[in-house]
Amino acid sequence: MGRVPVDCVLRLVLLASALVQPLGCGDSSTSGNRCTAVGSDCSLRQAAQVSGVRIGAAVRSGFEGDAYTRVLVREFDSVTAESAMKWNQTQPRRGVFDFDEADRLVALAEANDMAVRGHTLVWDQATIGATPPYVEEIRDPEEMRAVLSEHITTVVGHFRGRVDAWDVVNEPLETVGSTLYENAFHRALGPSYIAEALRLAHDVDPHATLFVNEVLADAAGPKIEALIQLARDLLADGAPLHGVGLQGHFFGPPRPQELRRNLQELADLGLIVELTEIDIVLRPAGSREAQLEQQRQDYFDVACACLAVASCRRMTLWGFTDRFTWLDGFVGPGSAPLIFNGAYGPKPAYFGLREALAKPASCGEWSYPGSVEG
Ligand code: G3I
């Protein structure tokens, strides 16, 4: 049995207390938490305290002015840099490091009692551009090993003690597939690049929780099976893999039972699990009101899938307002995948997410650790 974090036990106690007593406003067991039934004025981060998880959001580059930042610090207790900590931003040219943008975000987080997820040390996909060409061009193993070591050592060292978790390797598998993606690191070093990256990060900051983060592994199928096997292999190799992040980019209806099962299977390896990049596209059918109501249910269900797994300790949205979402460029404008509208007003999805966090008992019979039916 792997690491069983202390606050996981605390969560179980909190959840048990939620079972036996109605959540009240100012309930002492929730340390002054103002969350009551839906409609109260508590924030997501106050609701998340009830369930013992963190609720995070990805923060866009050059994060915007007052309204954006005000909602961010009010509602979330964890941040991820949407782009500012990626290789092309932190080391755009070899040996030239730029942490300005990332430092501003970490300073904001520290001033507002927010955790910071580091995203991401190693991610190379041909069409994405998160890794600069000077890296992608490397073919010699020793040169790649030197460049990888210099990058991870410098970046993790820069944020040591200020970033509590790192997506050390992002999307190591084929986007739609179940084999290792042939990125520049894999090409030069072979599959061992993943374990090497984890060891480099752990050597620099032994207190950081180290993740592999994957997309489209939320449903049943060959990709989640490949990800589970990759995690098993890394653990068997003694690599310092502490957690796996499942990205929650839902372009179609979420499948919460499959998502819960995937999270539980990974947790059963002794790993911490997180939902790392949640955005849920409006379903096309029905009136706008019906679409928004369905999105509320979808956010509720996805949150419940995480809450059903004791080792699922953080949920992170990929942005939080429809005003700024990567999906507008990816699937076209109007996807409206987040929980605040363009004017920072809470959508029904906001209340669906808050309901699950503030009242985990409302998730239903499978929402408690240990009740997983195989
Ligand atoms: O900062 C530059 C700006 O100076 C320049 O003027 C502008 C025009 O090209 O580009 C800006 O950089 C963009 C960056 O986002 C910051 O906005 C990059 O071109 C653009 O490619 C980058 O896109 C990000 C993408 O990852 C690639 O890094 C998206 O915002 C971000 O949402 C997306 O997030 C990824 C996760 O990291 C991993 N999982 C999938 C997810 C969606 O692809």
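Check the entry above for the structure.
Keep in mind it's a predicted model, so treat the numbers as computed, not measured.

1. Considerations on the layout of surface pockets
Here comes step 1: Size it by volume and the largest pocket reaches roughly 520 Å³.
Here comes step 2: Trp123, Ile128, Glu171, Trp326 and Phe330 are, among the 26 residues lining the largest pocket, the residues nearest its centre.

2. Description of the pattern of salt bridges
Here comes step 1: Per the stated rule, a full pass over the model turns up 21 salt bridges.
Here comes step 2: Note that glutamate 265 is salt-bridged to arginine 261, the shortest N-O span being 3.6 Å. With glutamate 265 and arginine 261 both in helix 11 (residues 256-267) and four residues apart, this pair spans about one turn of that helix.
Here comes step 3: Overall, the relative accessible area of 27% leaves arginine 261 in the partly exposed class.

3. A short note on the site of the ligand
Here comes step 1: Taken together, 14 residues lie around the ligand, and Glu82, Lys86, His119, Glu171 and Glu277 are the ones closest in.
Here comes step 2: Between serine 83 and the ligand, the recorded distance is 3.5 Å, taken from a side-chain N or O atom to an oxygen atom.
Here comes step 3: At a separation of 2.7 Å, an oxygen atom of the ligand approaches a polar side-chain atom of histidine 119.
Here comes step 4: When the ligand sits alone it has 800 Å² of accessible area, and the protein chains cover 53% of it.
Here comes step 5: Split into classes, the residues belonging to the shell around the ligand amount to four nonpolar, six polar and four charged.

4. With respect to the packing of helix 10 (residues 222-236) against helix 11
Packed helices, taken two at a time, are described by their axes: the angle between them and the distance between them.
Here comes step 1: In the contact formed by helix 10 and helix 11, the axes pass within 10 Å of each other and the chain directions differ by 15°. Our classification of the angle between helix 10 and helix 11 gives roughly parallel. Pair helix 10 / helix 11 crosses with right-handed handedness. Contacts from Ile224, Glu225, Ile228 and Ala231 in helix 10 reach Arg261, Asn262, Glu265 and Leu266 in helix 11.
Here comes step 2: Residue composition of the contact of helix 10 with helix 11, grouped by class: four nonpolar, one polar and three charged.

5. Regarding the packing of helix 2 (residues 44-51) against helix 14 (residues 348-358)
Here comes step 1: Contact geometry for helix 2 and helix 14: axes closest at 7 Å, N-to-C directions at 30°. The angle between helix 2 and helix 14 places the two elements in the roughly parallel class. Along the contact surface, helix 2 presents Leu44, Ala47, Ala48, Val50 and Ser51, while helix 14 presents Tyr350, Leu353, Arg354, Ala356, Leu357 and Ala358.
Here comes step 2: Split by residue class, the contact of helix 2 with helix 14 holds nine nonpolar, one polar and one charged.

6. Here we look at the state of the cysteines
Here comes step 1: According to the stated counting rule, one finds two disulfides in the structure shown.
Here comes step 2: Here cysteine 304 pairs with cysteine 363 through a disulfide, and the sulfurs are 2.1 Å apart. One quick way to see it: the torsion about the S-S bond of cysteine 304 and cysteine 363 is about -85°, and its sign makes the bridge left-handed. In this pair, cysteine 304 sits in helix 12 (residues 288-307) while cysteine 363 sits in the segment after helix 14, placing the two residues 59 residues apart along the sequence. Accessibility assignment for this pair places cysteine 304 and cysteine 363 in one class, buried.
Here comes step 3: One disulfide in the model links cysteine 306 with cysteine 312; its S-S distance is 2.0 Å. Classification of the bridge connecting cysteine 306 and cysteine 312 rests on its S-S torsion, roughly -105°, and on that basis the disulfide is left-handed.
Here comes step 4: Since its relative accessible area comes to 0%, cysteine 306 is described here as buried.

7. Regarding the side chain of glutamate 82
Here comes step 1: Locating glutamate 82 in the fold gives a position in the loop between strand 2 (78-81) and helix 4 (87-90).
Here comes step 2: One buried charged residue, glutamate 82, remains without a salt bridge, the closest side chain of opposite sign being arginine 60 at 5.2 Å.
Here comes step 3: Once you skip the residues sitting within four places of it in the chain, glutamate 82 turns out to touch Ala58, Val59, Arg60, His119, Trp318 and Trp326.

8. Points about a nonpolar patch on the surface
Here comes step 1: A cluster of nonpolar residues, Val176, Leu216, Phe251, Phe330 and Val331, forms a patch on the protein surface that exposes about 490 Å² of accessible area.
Here comes step 2: Relative to the elements of secondary structure, phenylalanine 251 occurs in the loop between strand 7 (249-250) and helix 11.

9. Some details on helix 3 (residues 66-75)
Working note: α-helix, 3.6 residues per turn, so residues spaced by three or four point in the same direction.
Here comes step 1: Listed in full, the buried residues belonging to helix 3 are Tyr68, Thr69, Val71, Leu72, Val73 and Glu75.
Here comes step 2: The elements touched by buried residues of helix 3 are helix 2, strand 1 (54-59), strand 2, helix 5 (100-111) and helix 14.

10. Some points on the packing of aromatic side chains
Here comes step 1: Counted according to the given criterion, the structure contains 14 aromatic pairs.
Here comes step 2: Aromatic side chains tryptophan 87 and phenylalanine 185 sit 5.7 Å apart centroid to centroid with 35° between the ring planes, which places their arrangement in the tilted category. Residue tryptophan 87 is found in helix 4, and its partner phenylalanine 185 is found in helix 8 (residues 184-189); the two are separated by 98 residues along the sequence.
Here comes step 3: Each ring, one from phenylalanine 97 and one from phenylalanine 99, has its centre 6.0 Å from the other, and the planes form 20°; the classification is stacked.
Here comes step 4: Residue class for phenylalanine 97 comes out partly exposed when judged on its relative accessible area of 26%.
Here comes step 5: Chaining the aromatic ring pairs together yields one cluster made of Tyr68, Phe76, Phe320, Phe324, Phe340, Tyr350 and Phe351.
Here comes step 6: Stacked on the ring of phenylalanine 211, the Lys or Arg arginine 117 has its end atom at 4.7 Å from the ring centre.

The rules behind these values
- Residues numbered from 1 in each chain as written.
- Predicted model: local features only at pLDDT ≥ 70, side-chain atom pairs only at ≥ 80, totals over all residues.
- Heavy atoms only, no water.
- 1 Å grid on protein atoms, 1.4 Å probe; cavity = no way out; pocket = protein on both sides within 12 Å on 5 of 7 lines; lining within 4 Å.
- Points joined across faces, edges and corners; volume = space filled by probe spheres on them.
- Salt bridge = Lys/Arg side-chain N within 4 Å of Asp/Glu carboxyl O.
- Helix = DSSP H or I, 4+ residues; strand = E, 2+ residues; numbered from the N terminus.
- Buried < 20%, exposed > 50% of the residue type's maximum accessible area, 1.4 Å probe, protein only.
- Near = heavy atom within 4 Å.
- Polar contact = N/O pair within 3.5 Å; in protein donor to acceptor, adjacent residues only side chain to side chain.
- Areas by Shrake-Rupley, 256 points an atom, 1.4 Å probe, with all protein chains shown as cover.
- Nonpolar A, V, L, I, M, F, W, Y, C, P; charged D, E, K, R; others polar.
- Axes fitted to C-alpha atoms, helices over the stretch in contact; angles between N-to-C directions.
- Parallel < 35°, antiparallel > 145°, perpendicular 65-115°, else oblique.
- Left-handed = near helix turned anticlockwise from the far one by under 90°.
- Contact = heavy atoms within 4.5 Å.
- Disulfide = S-S within 2.5 Å.
- Lys, Arg positive; Asp, Glu negative; His and termini not counted.
- Patch = residues over 30% accessible without salt bridge, like charges linked within 9 Å, V, L, I, M, F, W, Y side chains within 5 Å.
- Phe/Tyr/Trp six-rings, centres within 6.5 Å; stacked < 30°, edge-to-face > 60°.
- Lys NZ or Arg CZ within 6 Å of the ring centre and 35° of its normal.

Remember that the coordinates give geometry; whether it matters functionally is a separate question.
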